Amino acid sequence: MVDFQGILNSIHDDLKAEEVKGIVASYIPELSKKDVNTLGLFMQHVDGRSFSAGDAFTPFSIQSISKVLALSKAIAYEDNKIWERVDVEPSGNPFNHLSLLELENGIPRNPLINSGALVIADILVSHLENPKEDFLNYVRDITNDQTIKYNFKVADSEESTGFNNFAAAYLLKSFNNLNNKVEDVLDFYFHQCSLEMSCAQLSKAFYLFANGGKCMKGKKHITKKQAKRINAIMLTCGFYDEAGEFAFEVGLPGKSGVGGGIVALLPNNFIISTWAPGLNPRGNSLIGMQALEQFTSQTNLSIF
Ligand code: GLN
């Protein structure tokens, strides 16, 4: 039997002592207030056991991790129709890159870069009656936790500084790949990114991707095939221009956010989340990636 608790403790202690911790994101001003020394880890096994170390229960800004949750809801509505509007190829470019949109006639490379996530946000704005409220309820439902909230300060902070996302949305609109008003799509997207969840909550939310589409309560939200596809997209696109490095070091499908969170999972086995706000130059949590590398190496559990 693998000593998961012992492994989490030793990774936590080892990385707490690490001197180089990366840089906390400041392009969204509200995010810059976080302490670079924070480290949380939470592992949820599909058999029900869970293990934690450090700051595993403090909610933080999940940012781009929300793109996977939005994708799962959009896939539940539209299934394969989604792929007429967004591709499934790794971009090899930063998350906020724009030129690919122009090169490929307004079809973003994948749903996890910003332009692709804006198309997914547009799909949800079209389907949901009260988009922000309904999406929040979806996330609460899959996590089985009614305490999850948006952070309106973070959403406002990004709404007043997110010019790159405005540019991406207008570019998509010019290619007829946004059906709703640019302002409505961005307002939804900024709120989606402002969701605050802890490592524990993230691991429970992502349970459905490790469990063939069924959440911890046993409710089916997406099909097995859709869960397989979302995991494939996380593996190839979840870390933008560092997706190769994450597969190479960690070997799991996963998703990062500029709030310093990472969620990764091994289908039919476990989900693990880390939170360490210092980012590497590619916008992924520096210590989080190291923690996950240590975890899959020490447990010998990865998709490879
Ligand atoms: N809300 C952020 C943005 O759109 C999300 C980026 C991220 O977490 N990589 O820039």
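Further up the page is the structure itself.
Below you will find a few notes about this structure. Only a predicted model underlies this, so the values are computations on that prediction, with no experimental measurement involved. (Residues numbered from 1 in each chain as written. Predicted model: local features only at pLDDT ≥ 70, side-chain atom pairs only at ≥ 80, totals over all residues. Heavy atoms only, no water.)

Take the state of the cysteines next. Following the criterion strictly, the structure yields zero disulfides and no others. Not engaged in a disulfide, the cysteine Cys 237 finds its nearest cysteine sulfur in Cys 193; these two sulfurs lie 17 Å apart. (Disulfide = S-S within 2.5 Å.)

Bringing the packing of helix α2 (residues 66–78) against helix α8 (residues 182–194) into the picture now. Axis separation between α2 and α8 bottoms out at 8 Å; the angle between their running directions is 120°. In terms of orientation, α2 and α8 fall into the oblique class. Every pair of crossing elements has a handedness; the one defined by α2 and α8 is right-handed. Contacts between α2 and α8 involve Ser 66, Lys 67 and Ala 70 on the former and, on the latter, Tyr 189, Gln 192 and Cys 193. Across the contact of α2 with α8, the residue classes tally to three nonpolar, two polar and one charged. (Axes fitted to C-alpha atoms, helices over the stretch in contact; angles between N-to-C directions. Helix = DSSP H or I, 4+ residues; strand = E, 2+ residues; numbered from the N terminus. Parallel < 35°, antiparallel > 145°, perpendicular 65-115°, else oblique. Left-handed = near helix turned anticlockwise from the far one by under 90°. Contact = heavy atoms within 4.5 Å. Nonpolar A, V, L, I, M, F, W, Y, C, P; charged D, E, K, R; others polar.)

Residues Leu 69, Phe 135, Phe 206 and Phe 209 are the most contacted members of the largest nonpolar core, which totals 64 residues. Here the element with the most residues in this core is helix α4 (residues 114–127); it accounts for eight residues. Residues in contact with Leu 69, not counting those within four places in the same chain, are Ile 62, Phe 135, Tyr 138, Val 139, Ile 142, Ala 205, Phe 206 and Phe 209. Core analysis: the second largest hydrophobic core is formed by 26 residues, Phe 239, Ile 262, Ile 287 and Phe 295 among them. (Core = buried A, V, L, I, M, F, W, Y, C linked by side-chain atoms within 4.5 Å. Buried < 20%, exposed > 50% of the residue type's maximum accessible area, 1.4 Å probe, protein only.)

Moving on to the sheet that holds strand β8 (residues 261–266). The antiparallel open sheet is built from five strands, whose spatial order is β3-β2-β9-β8-β7. For this open sheet the edge positions go to β3 (50–54) and β7 (254–256), each flanked by a neighbour on one side alone. Here the strands of the sheet are splayed against their neighbours by 5° on average, with no regard to which way each runs. As judged from the six bridges shared by β8 and strand β9 (residues 270–275), these two strands associate in the antiparallel manner. Bridge pairing in β9 places Ile 262 opposite Thr 274. (Pairing = 2+ DSSP bridges.)

Bringing the packing of aromatic side chains into the picture now. One pass over the structure, following the stated rule, counts 14 aromatic pairs. Note on Phe 42 and Phe 57: the rings are 5.8 Å apart at their centroids and 85° apart in plane angle, and the pair reads as edge-to-face. With Phe 42 in strand β2 (residues 40–45) and Phe 57 in the loop between β3 and β4 (60–61), this pair connects stretches of sequence that are 15 residues apart. Judged by relative accessible area, which is 54%, Phe 57 ranks as exposed. (Phe/Tyr/Trp six-rings, centres within 6.5 Å; stacked < 30°, edge-to-face > 60°.)

Moving on, we come to the packing of helix α6 (residues 152–159) against α8. Direction vectors running N to C along α6 and α8 enclose 135°, while the axes themselves pass 8 Å from each other. If you check the angle between α6 and α8, you find them oblique. For the crossing formed where α6 meets α8, the hand is right-handed. Residues Phe 152, Val 154, Ala 155, Glu 158 and Glu 159 of α6 touch α8, and the partners they reach there are Asp 187, Tyr 189, Phe 190, His 191, Cys 193 and Ser 194. For the contact of α6 with α8, the residue count by class is six nonpolar, two polar and three charged.

It is worth spelling out the site of the ligand at this point. The ligand sits among Tyr 27, Gln 63, Ser 64, Phe 95, Asn 114, Glu 158, Asn 165, Tyr 189, Cys 193, Tyr 240, Gly 257 and Val 258. Between Tyr 27 and the ligand, the recorded distance is 2.6 Å, taken from a side-chain N or O atom to an oxygen atom. Expressed as a share of its isolated accessible area of 300 Å², the protein-covered part of the ligand is 99%. Among the residues making up the shell around the ligand, the classes are represented as six nonpolar, five polar and one charged. (Near = heavy atom within 4 Å. Polar contact = N/O pair within 3.5 Å; in protein donor to acceptor, adjacent residues only side chain to side chain. Areas by Shrake-Rupley, 256 points an atom, 1.4 Å probe, with all protein chains shown as cover.)

Take Thr 161: it is sitting in the loop between α6 and α7 (163–174). In the structure, Thr 161 is positioned 132 residues away from Pro 29 in sequence and 8.3 Å away in space, judged by C-alpha atoms.

In this section: unusual backbone geometry. The backbone of Asp 79 sits at a positive phi, close to 45°, despite the residue not being glycine. As for its position among the elements, Asp 79 is in the loop between α2 and α3 (99–103). Even without a glycine there, the phi angle at Asn 176 is positive, about 60°.

Another aspect to go through is the side chain of His 12. As for its position among the elements, His 12 is in helix α1 (residues 4–16). His 12 gets classed as buried once you look at its relative accessible area, which sits at 13%. Not counting residues up to four positions away in its chain, the partners in contact with His 12 are Leu 39, Leu 41, Ala 53 and Gly 54.

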